[in-house]
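So the chains spell out like this:
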Amino acid sequence: MTTLYWKLEREIYSVLGKSKILQAIGKHYAKGVEKELRKIGLRYEDLIIETPDVQEALRRLPPDVLEARHKRILRAGDLSAKHTYLPDHIQAAQKPLESYLAVELDKVRDEIIEQEGTGLEVLLSEGKPGVIGRLHK
C-alpha cells in the first residue's frame with residue numbers, strides 16, 4: 001500500500017461521505033458488523049490486516065491496549081473453534097466499533113506521506129490514466 005493510495009482513499013471518502021443514500025447504507029452495514037463482532041468479542045480494528053504501517057501503529061500503542069487486543073483475538077479464535085458465542089451479558093458489554101488504533105494509524109500514515117512527499121493532486125492534474133493500478137506496488 002502506498003501513500004498515494006491513502007491520499008486517494010481520503011479523497012474518495014470525503015466525496016462519498018456527503019451522499020445521504022451511502023450514509024444510510026453505511027449505518028445499516030455498521031449495525032450488522034457490530035452485531036457479529038459482539039458475538040465473538042472482537043473490535044472492528046482487530047480485523048485490520050497488519051501491513052507495515054499498521055504494525056508501526058500497533059507498536060506505538062500502550063502495552064495494556066496491545067494485550068487486550070491479543071486476548072480478544074485469541075478468545076475469538078477459541079469461540080470460533082468451539083462453534084459458540086459469548087454469553088449475552090458479556091456481549092452487551094462489548095464495544096466493537098470503539099476505536100483504539102485509528103489515531104495512531106493516521107499519525108503513521110501522515111508521517112509516511114510527509115516523508116515521501118508524493119502528491120495525489122499532481123498525478124490527477126497531469127491526467128495520467130491508470131492511477132489506481134499503480135497504487136499497489
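Here, every reference points to the structure presented above.
K.L.:
For this particular structure, what's the right way to read the overall build of the chain?
P.N.:
When you go through the chain residue by residue, the secondary structure sums to seven helices and zero strands. N-terminal to C-terminal, the α/β element order of the chain is α-α-α-α-α-α-α. Sorting the 137 residues of the chain into buried and exposed places 29% on the buried side. In the chain, once contacts between residues fewer than 6 apart in sequence are set aside, the share between residues at least 24 apart is 81%. As displayed, the chain has an accessible area near 9600 Å², and 59% of this comes from carbon and sulfur atoms.

K.L.:
Looking at this model, I keep getting lost on helix α2 (residues 20-40). Mind explaining?
P.N.:
Structurally, the α-helix is built with 3.6 residues per turn, so residues lying three or four positions apart point the same way. Taking 1.5 Å of rise per residue, the 21 residues of α2 would be expected to cover 30 Å, and the 31 Å separating its terminal C-alpha atoms lies within 8% of that figure. Burial in α2 covers these residues: V33, L37 and K39. The arc that holds the buried residues of α2, viewed along the axis, is 145 degrees, so those residues lie on one side. Every exposed residue of α2 that faces more than 90 degrees away from the buried side is listed here: K20, K27, H28, K31 and K35. Tucked into the core, α2 has its buried residues touching α4 (63-82) and α5 (88-93).

K.L.:
Even after reading the chapter, I still don't get the environment of L42, so can you show me in this structure?
P.N.:
By the element assignment, L42 lies in the loop between α2 and α3 (52-60). Placed 31 residues apart in sequence, L42 and I73 show a C-alpha to C-alpha distance of 6.7 Å. The residues contacting L42, other than those within four sequence positions of it, are L37, L47, R72, I73, A76 and P96.

K.L.:
Just to check I follow, could you spell out the packing of aromatic side chains for this structure?
P.N.:
Pairs of aromatic rings are described using the distance from one ring centre to the other and the angle between the two planes. One pass over the full model with this rule turns up zero aromatic pairs. The ring centre of Y85 lies 5.1 Å from the NZ or CZ of K39, which sits over that ring. Over the ring of Y100 we find R72; its NZ or CZ atom is 5.2 Å from the centre of that ring.

K.L.:
Sorry, what's going on with the environment of D53 here?
P.N.:
Tracing the backbone shows D53 in helix α3. Taking the C-alpha atoms as reference points, D53 and E104, 51 residues apart in sequence, are found 9.8 Å from one another. In terms of polar contacts, D53 uses its side chain to reach the side chain of T51, at 2.3 Å.

K.L.:
Can you help me understand the nonpolar core in this one?
P.N.:
Inside soluble globular proteins, nonpolar side chains tend to come together where they are buried. Counting residues in each nonpolar core, the largest one holds eight residues, listed as V54, A57, L58, L61, Y100, L101, L105 and V108. Residue assignment for this core shows that the elements contributing at least two residues are α3 and α6 (102-116). Looking at which element gives the most residues to this core, the answer is α3, with three residues.

K.L.:
I would appreciate a short explanation of the packing of α3 against α6 in the present structure.
P.N.:
When two helices pack together, their arrangement is given by the angle between the helix axes and the distance between those axes. The geometry of α3 relative to α6 is characterised by a closest axis approach of 8 Å and an angle of 125 degrees between their N-to-C directions. Viewed along their axes, α3 and α6 adopt a mutual orientation that is oblique. In this structure, the crossing between α3 and α6 has a hand that is right-handed. Contacts from D53, V54, E56, A57 and R60 of α3 reach α6 at E104, L105, K107, V108, R109, E111 and I112.

Cut-offs used in this document
Residues numbered from 1 in each chain as written. Predicted model: local features only at pLDDT ≥ 70, side-chain atom pairs only at ≥ 80, totals over all residues. Heavy atoms only, no water. Helix = DSSP H or I, 4+ residues; strand = E, 2+ residues; numbered from the N terminus. Buried < 20%, exposed > 50% of the residue type's maximum accessible area, 1.4 Å probe, protein only. Contact = heavy atoms within 4.5 Å. Areas by Shrake-Rupley, 256 points an atom, 1.4 Å probe, with all protein chains shown as cover. Expected span 1.5 Å × (residues − 1). Arc of directions from axis to C-beta. Phe/Tyr/Trp six-rings, centres within 6.5 Å; stacked < 30°, edge-to-face > 60°. Lys NZ or Arg CZ within 6 Å of the ring centre and 35° of its normal. Polar contact = N/O pair within 3.5 Å; in protein donor to acceptor, adjacent residues only side chain to side chain. Core = buried A, V, L, I, M, F, W, Y, C linked by side-chain atoms within 4.5 Å. Axes fitted to C-alpha atoms, helices over the stretch in contact; angles between N-to-C directions. Parallel < 35°, antiparallel > 145°, perpendicular 65-115°, else oblique. Left-handed = near helix turned anticlockwise from the far one by under 90°.

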